[in-house]
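Commentary on secondary and tertiary structure
If you want the building blocks of each chain, they are given just below.
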Amino acid sequence: MATPTTTGTDEFVKGLWKENPVFVQVLGMCPVLAVSNTAINALAMGLATAFVLIMSNIVVSSLRNFIPKEVRIATYILVIATFVTVVDYTIQAISLDLYKALGAFISLIVVNCLILGRAEAFASKNTVLRSTMDGLGMGIGFAFALFCLGAVREILGAGSLFGVQLFHDRFQDWVVMILPSGGFFTLAGWLLIFNWVKQRKARAVALELGKEAA
Amino acid sequence: MADESLWSIFINASLVNNFVLAYFLGICPFLGVSSKLETATRMGGAVTFVMLVSSICAFGIQALLVAIDAPYLKLISFIAVIASTVQLVEMLIKKFSPALFRALGIFLPLITTNCAILGLALFQTNKGYSFVQCIVFALGAGTGFTLALVLMAGLREKLELAEVPDVTKGTALALMLAGLLSVAFMGFGGLGG
Amino acid sequence: MSDSELAIRPAPTSAWHMYRAMVGVGVCCGLLIVSVYQATLPVIERNKAEALQAAIFHVLPEARVSTTFGFDDAGGFEPLDDESQGAARIYAGYDEDGGLVGLAVEAQGMGYQDVIRLIYGYSYTDDAIIGVQVLESKETPGLGDRIETDPGFLENFERLDVSLLDDQPNLANPIVAVGHGKKTHPWEIDGITGATISSKAIAEILDRSAELWIPRIEGNLQDFEGGN
């Protein structure tokens, strides 16, 4: 195997922006839209997913030479389902209200394509340390993206952030933001911004190259 | 426990609380497979079938787990059953319709990670549906999923020829469409109550 | 095929390796799940009991202690310990002196969007429902969910008449929801404008549950005496 040219920090950082699971890879969408109607729900969901991602990356990476490739998907799913069950009971013990708000979507973390994708694409082929950094980066990137969504939806849809009222009473809430459609629109909005930034950068690079060639 | 009529369960699952547009389940295939009308219909059919089988198995598993008092094994057993059902469906399709198998391609094994199927199993367990109610629920959910997929595919096919700003091309456009569809489906609220 | 090519192709994994991996991982996962479950179980049970107590005391404002009662057609009401599952149950609330304040009953039914679960408090001295708390609802935010917060709507439940017909196990007047501002009788619920269906749903849930439980309670009041 060729010596990796990226450092551990690189693995961490790429998950935050360049390969952000939500805005760039568009993976793991179901919980992103469903649980992001308030900032606190979104953040809790993001952190729960990040936890499962990191733990599963660590376990898959440590066992990568032990698990034969024919049964790898089945074992990965087994490991992921275990950690999701752990998170499920932990959240129930911490706060019943939060558990009711997140509901079935905690269990649905197990089918989040992001976690299985990282296990297959990265953790099974890299050392434990690098896999942990990868999990951390992707997890935090995911939680951050979820928070962006949740914050916008809560601010516009309920006039509050983390339950703290931001606008005075006369602010008409955009109730649609809390409804499912709002989730679609908000994510579309963020993706638009992302694409626009990417295009501007590409154009700037092309201009530079054009100038040099001329 | 639940005293909803069968008809109301069906309407609820397919229209009022559509799995894709209201519960956000099954978004990955929704965004991925909905660009061509034909693939969309077939995917919808495959998903409905897997939902039916999984629903029946989930009902049985839940009864078993309650009997042996091991509720914590619910998630693992459900996902194992779903994965096996998808394997089975894949083998069946490969045998009886190789053309369909080729058309669906990678999306067939991806049904395993389709949150809609696991979501279905979890919802029906939470609501405590009886066996017949589970079947109707699964049929309703599958119909709703297929409906959303087909509508989306139709819309996207038309939009392929329209002029849209560059920044919106791709997923952003699909999401905005989905948002509008979701608002439209809200009109079904209160039906079958 | 030359010897070197055979050597380069990796040997197929033996069945033993596959079983070892799956079973090994499976057992470890199982152990982890069971230990977390056992560790969190007492905390979760306590949380649930606390939440239920809070709800009971909210709908029976003068109660300080509550006891769970199960019902069966033959024997009337018997005190239940919480372990028994599935039995039809209600909760009796007692004040500090051990006097019966009222009974709290859980009920559920279909709302506008999805199922609504609530708990209501019944006072036999007033022949009325004296408190309602919505436990779970997914009604439309800003519209239907005002059944939980609208002060005018909640006033309905300070004294919602549920008296029985003389000598009959039926409500004298069924609980109905009427248009906003049109309430004239103590057994009517003043609806919320813009949330008609949610208001009607609450009325139906309460009516159905009251029809079932109030006659049972009235017929077996002695079962609750000295129940704490």
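Worth saying up front: this structure is predicted, and the values here are computed from it rather than measured. Every residue gets a number counted from 1 within its own chain, in the order that chain's sequence is written. Going through the entries in the order they are written, you letter the chains from A and number the ligands from 1. Residue-level local features of this predicted model are given only where pLDDT is at least 70; pairs of side-chain atoms are given and counted only at 80 or more, and the full residue set underlies all totals for whole chains, interfaces and linings.

Examining the overall build of chain A
For the purposes of this entry, the term helix denotes a DSSP run of H or I that reaches at least four residues, the term strand denotes a run of E that reaches at least two, and both are numbered from the N terminus. For chain A, the count of helices and strands is eight helices and two strands. In sequence order, the secondary structure elements of chain A are arranged as α-α-α-α-α-α-α-β-β-α. By residue count, 50% of the 214 residues in chain A fall in the buried class. Here the contact rule is simple: place C-beta atoms from the backbone, and any two residues whose C-beta atoms are within 7 Å are in contact. Within chain A, residue pairs in contact and separated by at least 24 positions form 76% of the contacts whose partners lie at least 6 positions apart. Any residue surrounded by 20 or more other C-beta atoms within 10 Å of its C-beta is treated as buried, while 12 or fewer makes it exposed and the intermediate range makes it partly exposed; C-beta atoms here are placed from the backbone.

Remarks on the overall build of chain B
When you go through chain B residue by residue, the secondary structure sums to nine helices and zero strands. A globule of 193 residues ought to have a C-alpha radius of gyration of about 16 Å, and chain B, at 17 Å, matches this closely. Principal axes of the C-alpha set define a box for chain B whose edges measure 60 × 45 × 25 Å. Looking at the 193 residues of chain B, the share that counts as buried comes to 49%. For chain B, long-range pairs separated by at least 24 residues make up 82% of all intrachain contacts whose partners lie at least 6 apart in sequence. Throughout, the radius of gyration refers to the C-alpha atoms, and the reference size of a globule is 2.2 Å times the residue count to the power 0.38.

Regarding the environment of Cys30(A)
Structurally, the position occupied by Cys30(A) is in helix H2 (residues 29–34). Residue classification places Cys30(A) among the buried residues on the basis of 27 C-beta atoms within 10 Å. On a C-alpha basis, the gap between Cys30(A) and Phe185(A) in space is 14 Å, while along the polypeptide they are 155 residues apart. If we ignore the near neighbours within four places in the chain, the residues touching Cys30(A) are Leu108(A), Phe24(B), Leu25(B), Ile27(B) and Cys115(B).

Re the nonpolar core
Core analysis: the largest hydrophobic core is formed by 128 residues, its most contacted members being Cys30(A), Val52(A), Ile80(A), Val84(A) and Leu118(B). Among the elements that line this core, the one with the most residues is helix H3 (residues 39–62) of chain A, at 12 residues. Here a nonpolar core is just a set of buried residues of the types Ala, Val, Leu, Ile, Met, Phe, Trp, Tyr and Cys, joined wherever their C-beta atoms sit within 7 Å.

Side note on the packing of helix H8 (residues 131–159) of chain B against helix H9 (residues 171–185) of chain B
Residue and element names in this part refer to chain B. Note on definitions: angles span 0 to 180 degrees between N-to-C directions of axes, and those axes are lines fitted to C-alpha atoms, for helices only across the stretch in contact. Closest axis-to-axis distance for the H8/H9 pair is 11 Å, and the angle between their directions is 130 degrees. In terms of orientation, H8 and H9 fall into the oblique class. Considering only the axes of H8 and H9, their crossing is right-handed. Contact with H8, carried on its side by Ala148, Leu151, Met152, Leu155, Arg156 and Leu159, involves Leu173, Ala174, Leu177, Ala178 and Leu181 of H9 and no other residues of that element. Residues are sorted three ways: Asp, Glu, Lys and Arg are charged, Ala, Val, Leu, Ile, Met, Phe, Trp, Tyr, Cys and Pro are nonpolar, and all the rest, Gly among them, are polar. For the contact of H8 with H9, the residue count by class is 10 nonpolar, no polar and one charged. Any angle between 65 and 115 degrees counts as roughly perpendicular, while under 35 counts as roughly parallel, over 145 as roughly antiparallel, and the rest as oblique. Handedness of a helix crossing follows the sense of rotation of the near helix relative to the far helix, less than a right angle counterclockwise being left-handed and clockwise being right-handed.

Remarks on the environment of Leu92(B)
Relative to the assigned elements, Leu92(B) resides in helix H4 (residues 74–96). Spatially, the C-alpha atom of Leu92(B) lies 36 Å from that of Ala184(B), the residues being 92 residues apart in sequence.

Some thoughts on H9(B)
Helix span, as expected, comes to 1.5 Å for every residue beyond the first. Here H9(B) contains 15 residues, and its C-alpha end-to-end distance of 21 Å stays within 8% of the 21 Å for a straight helix at 1.5 Å per residue. On the buried face of H9(B), the contacting elements are helix H8 (180–213) of chain A together with helix H1 (6–16), helix H2 (27–32) and H8 of chain B.

Some details on the interface of chain A and chain B
At the interface, 30 residues of chain A touch 32 residues of chain B. Of all elements in the fold, only H2, helix H4 (72–94), helix H6 (113–121) and H8 of chain A reach the threshold of two or more residues within the side of chain A that touches chain B. The greatest single-element share of the side of chain A that touches chain B, amounting to 12 residues, is contributed by H8(A).

Here we look at the pairing of strand E4 (residues 100–110) of chain C
Summarising burial for E4(C): nine of the 11 residues are buried, a large majority. Pairing between two strands requires that DSSP report at least two bridges joining them. Hairpin remark: strand E3 (residues 89–94) of chain C followed by E4(C), antiparallel, with five residues in the connecting loop; positive phi at Gly98(C), about 85 degrees.

Quick word on the sheet that holds strand E2 (residues 76–79) of chain C
All names here are of chain C. One open sheet accounts for seven strands, arranged E2-E1-E3-E4-E5-E6-E7; its pairing is antiparallel. Each edge of the open sheet carries a strand with a single partner, namely E2 and strand E7 (160–161). The strands touched by helix H2 (residues 15–59) within the sheet are strand E1 (65–72), E3, E4, strand E5 (115–123) and strand E6 (128–136), with E6 carrying the most contacts at an inclination of about 150 degrees. Docked against the sheet, helix H5 (residues 196–219) engages E1, E3, E4, E5 and E6, running at close to 135 degrees with respect to E4.

Interpretation in functional terms is not warranted from these geometric data alone.
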